[in-house]
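This is what each chain is made of:
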Amino acid sequence: MKNSPGTFEVTIRCIQGRFLLRPSKDLNDLILGIFGRALEKYPLLLHLVVVASNHIHLILTTPSTKRLSEFMRYVNSNIAREAGWLHRWKEKLFGRRYTAIEITDDEEMIKKAVYILSHGCKEGLVLRPGDWPGVNCVQAITRGKPLRGHWYDRSKQYEAGRSGDPVSRKDFATEYEVPLSPLPCFAQLSTGEQRSRYRAMIRDIELSTRQQVRREGRRMLGAKKVLSQSPHQKPAQMKKSPAPLCHSSDPEERRRYRDNYRWFATLYRRASARLRAG
């Protein structure tokens, strides 16, 4: 990836596909608090966020890949600690490093936005994107309802607990709002026009979901059953497909991106070899 501004689809997956991010009121609050604090410490533009039971999807714009790395390091480490503590999971929580795929044009940006907002529906869990009981941005982008959560200073809480005095977790909580910026392709639109575009996306997703349900004759799992799943459970099957180097609707742009990446990788290997050789 180039060390310059760009808009990326970012994905983080739980180890073995386990439902270690299964929604709950406490976990949703903790995750939003972590995102809010991360945006304050490592500012970038967060456009869309959906937290499924075993992975996280984001679309964001970063001033540099260094900033993206700092932001994601903070998000991953804090979510892993909090979710592990909440679900009594003592092993590694995320299976590997996050993936960040650059989105190079508006057409692909809309496609990825629809894909992310469809989570929960396309897996046969809920009928409407807004019904997903985990962290999602549907109400924020369509109605302006702010996303808020709490970050807890665990270090101060621990030190206070060692003194033997009664300790309340609320004494170490800071509320954070998670500000969402419009997609770059919507940046020139008014707030009302942006929300109208997002609402149209949601309506199309809901219509497509209902048609699929009727066509396949299946029943949705439903939010209640999602909430009752064990966070240590893992799906019977996992979809695996190679990630593209970039999201682009232009074949020529994809070719140029691939060639530039190969050039970068060659230079990196040469520099690594020279470093090892002293």
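Keep in mind the model is a prediction, meaning the values are calculated, not measured. (Residues numbered from 1 in each chain as written. Predicted model: local features only at pLDDT ≥ 70, side-chain atom pairs only at ≥ 80, totals over all residues. Heavy atoms only, no water.)

Asks: For the sheet that holds strand β3 (residues 55–62), give the residues involved together with the corresponding values.
Replies: Strand order in the open sheet made by the 5 strands is β2-β3-β1-β4-β7, with mixed pairing throughout. Either end of the sheet is taken by a strand with one partner, and the two such strands are β2 (45–51) and β7 (246–247). Across 2 bridges, the pairing between strand β4 (residues 99–103) and β7 is parallel. Bridging from a neighbouring strand, I103 pairs with H247 of β7. (Pairing = 2+ DSSP bridges. Helix = DSSP H or I, 4+ residues; strand = E, 2+ residues; numbered from the N terminus.)

Asks: So what's going on with the packing of helix α1 (residues 25–41) against helix α2 (residues 65–86)? Residues and values would help.
Replies: Between two packed helices, the angle of one axis relative to the other and the distance separating the axes together describe the packing. In the contact formed by α1 and α2, the axes pass within 10 Å of each other and the chain directions differ by 160°. The angle between α1 and α2 falls in the class roughly antiparallel. Between α1 and α2 the crossing geometry is right-handed. Mapping the contact onto sequence places D26, L27, L30, I31, I34, F35, R37, A38, L39 and K41 in α1 and F71, Y74, V75, N78, I79, E82, A83 and L86 in α2. Split by residue class, the contact of α1 with α2 holds 13 nonpolar, 1 polar and 4 charged. (Axes fitted to C-alpha atoms, helices over the stretch in contact; angles between N-to-C directions. Parallel < 35°, antiparallel > 145°, perpendicular 65-115°, else oblique. Left-handed = near helix turned anticlockwise from the far one by under 90°. Contact = heavy atoms within 4.5 Å. Nonpolar A, V, L, I, M, F, W, Y, C, P; charged D, E, K, R; others polar.)

Asks: Please provide a residue-by-residue account of a nonpolar patch on the surface, values included.
Replies: Taken together, L245, Y261, W263, F264, L267 and Y268 make up a surface patch of nonpolar side chains, about 650 Å² in accessible area. Checked against the element boundaries, Y261 lands in helix α8 (residues 251–276). You can call Y261 partly exposed: its relative accessible area is 37%. (Patch = residues over 30% accessible without salt bridge, like charges linked within 9 Å, V, L, I, M, F, W, Y side chains within 5 Å. Areas by Shrake-Rupley, 256 points an atom, 1.4 Å probe, with all protein chains shown as cover. Salt bridge = Lys/Arg side-chain N within 4 Å of Asp/Glu carboxyl O. Buried < 20%, exposed > 50% of the residue type's maximum accessible area, 1.4 Å probe, protein only.)

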